[in-house]
Amino acid sequence: MAFFITKDCTGCTACQRICPTHAISGEKKQPHIIFDPACIDCGACGRICPAGAVADPFDRMALNIPKKEWVRPVFDLDRCTACHICIDACPANALDAVLQKVKDLHPYPVLTREPDCMGCGFCAAECPLDAVILEKNSNS
Amino acid sequence: MTPPRRNTGFMGKIMVVDLTVKTIETQTVSQQIYRSFLSGMGLAAHVLYHNIPKGADPLGPDNMLGFVSGLLTGTGSFFTGRWMVTGKSPLTSGWGEANCGGHFSPAIKRCGVDGIFVTGISDQPVYLYVDDTTALLKDAGLLWGMDTVETETQLLKRYPGARVACIGPAGERRSLMAGVSTDKGRMAARSGLGAVMGAKGLKALVLAGNKRIGVHNKEAMKRISRICSKWVQLQPPFLPGFLTAPVGALLRTMPWVFTQDGLLYKILLRKWGTVSMNQISVEMGDAPIKNWKGSSRDWGFFKNLSANPDKFTKKQLRKFHCYSCPLGCGGICTTTGRYPFTHKPEYETVLSFGGFVLNRDVNTIFDINETLNRAGMDTISAGHVVAFAMECFEKKIITLQDTAGMALKWGSPEAISWLVDQIIHRQGIGHILADGVAKAAGRLGQESHAFAAHAGGQELAMHDSRNDPGFALHYSAEPAPGRHTSGAWLYYEMYQLWKKVAAAPRIPLVYNKARKYETTSIQAHMAKANSQFMNVMNGAGVCLFGGFLGARRIRIFDWLNAATGWHMTPDDYMAAGTRIQTLKQAFNLKHGIQPKNCIVKGRPLGHPPQARGANKGRSVDIKALTRAYWEAFGWDTETGKPTDRQIDAVTTVL
């Protein structure tokens, strides 16, 4: 099951550029296609598509959302155990483990490459302790 | 249209790479294989049994090397970031396995497979690159010759965010003590499988996949994980480091002991890491000293203060967590040697280059740790070889002529550093020693065989079987001999399996220490349960230290059911552990290994018994132990051979 692109695609290449698994191909100004086996259902293509030409695996049209309104992870360090499951789950490689607490040498996750974050929420979905909270970008 | 994503915890596929003809293909694995052997080591045992032809040269094209991830890796469970390297070991010529943490394990599954199996030999050095859409063999000519840290750094510059496993110069030179490195110094070190990788011309694996790992019941996974996390976070303040030695002394002198609870061990690991055991182990007789001939009296409290765990944590800049580990026993430390940083040396390394060679210089240990990590060499085997060489020098089997004038005196930091460099570069005496103590004894001859401590060719670890005879049994009778993680009486106590598994013998809360040295059917069934459970953990990708929490605190069986959707009981999973053990034993028999020839001999068994120290007067009746152990599995008690019916049952699963 994967996202797919409808005939409304204008070939702007925005989805192709943001796809973390390089699953989208197509010429500029030509309809693009998603290579099913490589799609991980992060939904970034749908959020970024200005033509609203992307449908999710349940045939619902994905909603175009301005990038500044995409959700970002915030980490609750009182719950976090520094297990790094969220860091591995991030398909955009936007998180890093960084020392944060005084007198605590455990490196906790931080969104170090915020522009790369696609708001997919995999970090929050994977966290066993619900220590990742998704919030709208503070700049929005 | 792709099929719906698999929500079973495992990916259902393996990747097979043939380096000779440069082909890469994925193969589907049946659900029945996973039910019978789980994933990880069990899956590897199945694949390698059927794909490595009888009599294959471990360093030849027919050997197959498997890099496998655990069934629970990436499922939202804790302590499940272990990955394993498997193959026919050039050290033992039989089943070879090495186990490692870091962040490489989920990377295998994120490429859409549970294991990557490599066969053939490449005519040019290559590395394997895999991402979501491609799998390629790329030229590694420029990487060949680089150490593990340099190799990983170069590859990560090119592929940011990828995970890398690679060999160093030791593997390239086919040292039989070579391992495979990841995270710039975490090593899958044992069984000499780095030499197999080097012989194949495979420098590294670079994995950059992003596939999702689906599970049957995500909420149940999280609920069980929260129970586990609660116990891990329980961390009362503990002793200063130097007081760990009196704790060990107390454990040594008490005739009656409490069943050891792994929660205490967890507290030590969280505070210091494995170095917490440096002093306790020496005092209680768990650490072999001076190539197994010394005792705690030769390496007493004041000498051993050099291994005070606080000395190691003082150099720690930050802790190192493997994937999905809430504990974080590792660390990144500063060093004063040739390199600015190193992973915190593990207990095995500290003892191998500390008490085992009578070295009190901690800075040398840090330096050698990083040197060996960069070379891609096993610190346990290397420490054994250094101690062996020092005893050879003492007995004039190795002379100053052989060492270019370097006196190999016990405890000399200069001699140890020099010898390690010689071994890594296979120069001079290092060429004789670079393939482990068994091969070195064969080359040096004379009486050196008497003090070359190994099991079936593999060096033993830093846990003294005279203190815990369970180690002697598992060193001797496991399909991959000489490994300390396979089992021990102590491990059994901490697993607390009797709380979940009907057939597991219950240990009384307090018992007389003499009980440890008996050979009864209870001991045999404890050992059997140890092997079964370790196979389940290796199939699931669970860390040994996670298992120490106890079966009710880390609910591995419940996690497995929640991840896969199966409804198997703990006893069903233990039966899978038996099948994996039988299959690995069948692998050895197929390749001409006689299990009885892997039995440890001499000093590590207390033959002759020590005259002083923590293990004074103790000896292990290993023959009685192995007989009872094999009987518990229903195997031939003299030869360790499973019945034809048992072998057929595990080799005909498809």
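Residues numbered from 1 in each chain as written. Chains lettered and ligands numbered in written order. Predicted model: local features only at pLDDT ≥ 70, side-chain atom pairs only at ≥ 80, totals over all residues. Heavy atoms only, no water.

Examining the overall build of chain A
Moving on, step 1. Along its length, chain A carries 4 helices and 8 strands.
Moving on, step 2. For chain A, the sequential pattern of α-helices and β-strands runs β-α-β-β-α-β-β-α-β-β-α-β.
Moving on, step 3. Its C-alpha atoms put chain A at 55 × 30 × 25 Å along the principal axes.
Moving on, step 4. The burial tally for chain A puts 52% of its 140 residues in the buried class.
Moving on, step 5. Per element, the accessible surface of chain A, about 6900 Å² overall, is 55% carbon and sulfur.
Moving on, step 6. Within chain A, one finds 14 positive and 17 negative side-chain charges whose respective centroids are separated by 7 Å. (Helix = DSSP H or I, 4+ residues; strand = E, 2+ residues; numbered from the N terminus. Buried < 20%, exposed > 50% of the residue type's maximum accessible area, 1.4 Å probe, protein only. Areas by Shrake-Rupley, 256 points an atom, 1.4 Å probe, with all protein chains shown as cover. Lys, Arg positive; Asp, Glu negative; His and termini not counted. Charge placed at Lys NZ, Arg CZ, Asp CG, Glu CD.)

Some words on helix H10 (residues 277-284) of chain B
All names here are of chain B.
Moving on, step 1. Buried residues dominate H10, accounting for 8 of its 8 residues.
Moving on, step 2. Within the sequence span of H10, burial applies to Met277, Asn278, Gln279, Ile280, Ser281, Val282, Glu283 and Met284.
Moving on, step 3. Its buried side turned inward, H10 meets helix H8 (244-253), helix H9 (262-272), helix H11 (309-314) and helix H12 (347-352). (Contact = heavy atoms within 4.5 Å.)

Quick look at the packing of helix H7 (residues 218-233) of chain B against helix H22 (residues 556-564) of chain B
Residues and elements named next belong to chain B.
Moving on, step 1. Two elements in contact, H7 and H22, have axes separated by 9 Å at closest approach and are oriented at 160 degrees. Judged by the angle between their axes, H7 and H22 are roughly antiparallel. Helix-helix and strand crossings are classified by hand; for H7 and H22 the assignment is left-handed. Facing H7, whose interface residues are Ala220, Met221, Ile224, Ser225 and Cys228, H22 presents Asp558, Trp559, Ala562 and Ala563.
Moving on, step 2. Classifying every residue of the contact of H7 with H22 gives 7 nonpolar, 1 polar and 1 charged. (Axes fitted to C-alpha atoms, helices over the stretch in contact; angles between N-to-C directions. Parallel < 35°, antiparallel > 145°, perpendicular 65-115°, else oblique. Left-handed = near helix turned anticlockwise from the far one by under 90°. Nonpolar A, V, L, I, M, F, W, Y, C, P; charged D, E, K, R; others polar.)

Focus on the side chain of Asn308 of chain B
Residues and elements named next belong to chain B.
Moving on, step 1. Mapping Asn308 onto the fold places it in the loop between H10 and H11.
Moving on, step 2. Residue classification places Asn308 among the buried residues on the basis of a relative accessible area of 10%.
Moving on, step 3. With near-sequence residues (within four places) excluded, Asn308 lies in contact with Gly241, Phe242 and Gln279.

Focus: the sheet that holds strand S5 (residues 95-100) of chain B
Residue and element names in this part refer to chain B.
Moving on, step 1. Pairing within the open sheet is mixed, and its 6 strands lie in the order S2-S1-S6-S3-S4-S5. Two strands lie at the open edges of the sheet, namely strand S2 (23-28) and S5, each paired on one side alone. In this sheet, neighbouring strand axes are inclined to one another by 20 degrees on average, regardless of whether the strands run parallel or antiparallel.
Moving on, step 2. With 5 bridges connecting them, strand S1 (residues 13-18) and strand S6 (residues 115-119) associate as parallel partners. What sits directly across from Ile14, in S6, is Gly115.
Moving on, step 3. Relative to the sheet, helix H2 (residues 40-51) contacts S1, strand S3 (65-69), strand S4 (83-88), S5 and S6, its axis offset from that of S4 by approximately 20 degrees. (Pairing = 2+ DSSP bridges.)

What to know about unusual backbone geometry
Moving on, step 1. With an omega dihedral of 5 degrees, the bond running from His607 of chain B to Pro608 of chain B counts as a cis peptide bond.
Moving on, step 2. Secondary-structure assignment places Pro608 of chain B in the loop between helix H23 (570-590) and helix H24 (622-633).
Moving on, step 3. A positive phi is found at His84 of chain A, a non-glycine position, where the angle reads about 70 degrees.
Moving on, step 4. By secondary structure assignment, the location of His84 of chain A is in the loop between strand S5 (71-75) and helix H3 (85-89).
Moving on, step 5. Judged by relative accessible area, His84 of chain A falls into the buried class, the value being 6%.

Considerations on the domain arrangement of chain A
All names here are of chain A.
Moving on, step 1. Taken as a whole, chain A is organised into domain 1 (4-55) and domain 2 (70-136).
Moving on, step 2. Each of domain 1 and domain 2 was reduced to a C-alpha centroid, and the two centroids are 26 Å apart.
Moving on, step 3. Tallying the contact residues gives 8 residues for domain 1 and 6 residues for domain 2.
Moving on, step 4. Approximately 590 Å² of surface area, both sides summed, lies buried where domain 1 meets domain 2, with 74% of it carried by carbon and sulfur atoms.
Moving on, step 5. Where domain 1 meets domain 2, there are 0 salt bridges. (Domains from an automatic or database assignment. Buried area = accessible area lost by both parts, 1.4 Å probe. Salt bridge = Lys/Arg side-chain N within 4 Å of Asp/Glu carboxyl O.)

Some words on the nonpolar core
All names here are of chain B.
Moving on, step 1. With 198 residues, the main nonpolar core has Phe79, Phe388 and Leu497 as its most contacted residues.
Moving on, step 2. If you tally residues by element for this core, the top one is helix H14 (residues 379-394), at 10 residues.
Moving on, step 3. Membership of the second largest hydrophobic core comes to 29 residues, among which are Leu19, Phe67, Leu128 and Val196. (Core = buried A, V, L, I, M, F, W, Y, C linked by side-chain atoms within 4.5 Å.)

Some points on the packing of helix H20 (residues 521-540) of chain B against H23 of chain B
Residues and elements named next belong to chain B.
Moving on, step 1. Closest axis-to-axis distance for the H20/H23 pair is 7 Å, and the angle between their directions is 90 degrees. For the element pair H20 / H23, the angle class is roughly perpendicular. Every residue of H23 that contacts H20 at Lys528, Ala529, Ser531, Gln532, Phe533, Asn535 and Val536 is listed here: Tyr573, Met574, Gly577, Thr578, Ile580, Gln581 and Lys584.
Moving on, step 2. Split into classes, the residues belonging to the contact of H20 with H23 amount to 6 nonpolar, 6 polar and 2 charged.

Some remarks on the domain arrangement of chain B
Residues and elements named next belong to chain B.
Moving on, step 1. What the domain assignment reports for chain B is domain 1 (13-207), domain 2 (286-452) and domain 3 (469-651).
Moving on, step 2. The interface is formed by 35 residues belonging to domain 1 together with 31 residues belonging to domain 2.
Moving on, step 3. Across the interface of domain 1 and domain 2, roughly 2600 Å² is buried in total on both sides, 57% from carbon and sulfur atoms.
Moving on, step 4. Three residues stand out in domain 1 for area buried against domain 2, namely Arg173, Met177 and Arg186, and they jointly supply 28% of the buried area on that side.
Moving on, step 5. For the pair domain 1 and domain 2, the interface holds 3 salt bridges.
Moving on, step 6. We note a salt bridge from Arg186 to Glu346, for which the minimum N-O separation is 3.3 Å.
Moving on, step 7. Secondary-structure elements contributing two or more residues to the side of domain 1 that touches domain 2 are helix H3 (104-110), helix H4 (148-158), helix H5 (169-172) and strand S11 (186-188).
Moving on, step 8. With 3 residues, H5 is the largest single contributor of residues to the side of domain 1 that touches domain 2.
Moving on, step 9. Tallied by class, residues from the side of domain 1 that touches domain 2 come to 13 nonpolar, 14 polar and 8 charged.

Quick word on the side chain of Thr564 of chain B
All names here are of chain B.
Moving on, step 1. Position of Thr564 relative to the elements: it lies in helix H22.
Moving on, step 2. Classification of Thr564 as buried rests on a relative accessible area of 6%.
Moving on, step 3. A distance of 2.6 Å separates the side chain of Thr564 from the backbone oxygen of Leu560, its partner in a polar contact.
Moving on, step 4. For Thr564, the residues in contact, after removing those within four places along its chain, are Asn7, Thr8, Phe10, Leu71, His216 and Tyr573. (Polar contact = N/O pair within 3.5 Å; in protein donor to acceptor, adjacent residues only side chain to side chain.)

A short note on the environment of Phe312 of chain B
All names here are of chain B.
Moving on, step 1. Its location among the elements puts Phe312 in helix H11.
Moving on, step 2. For Phe312, a relative accessible area of 0% puts it in the buried group.
Moving on, step 3. Phe312 sits 37 residues away from Val275 along the chain, and the two C-alpha atoms are 7.5 Å apart.

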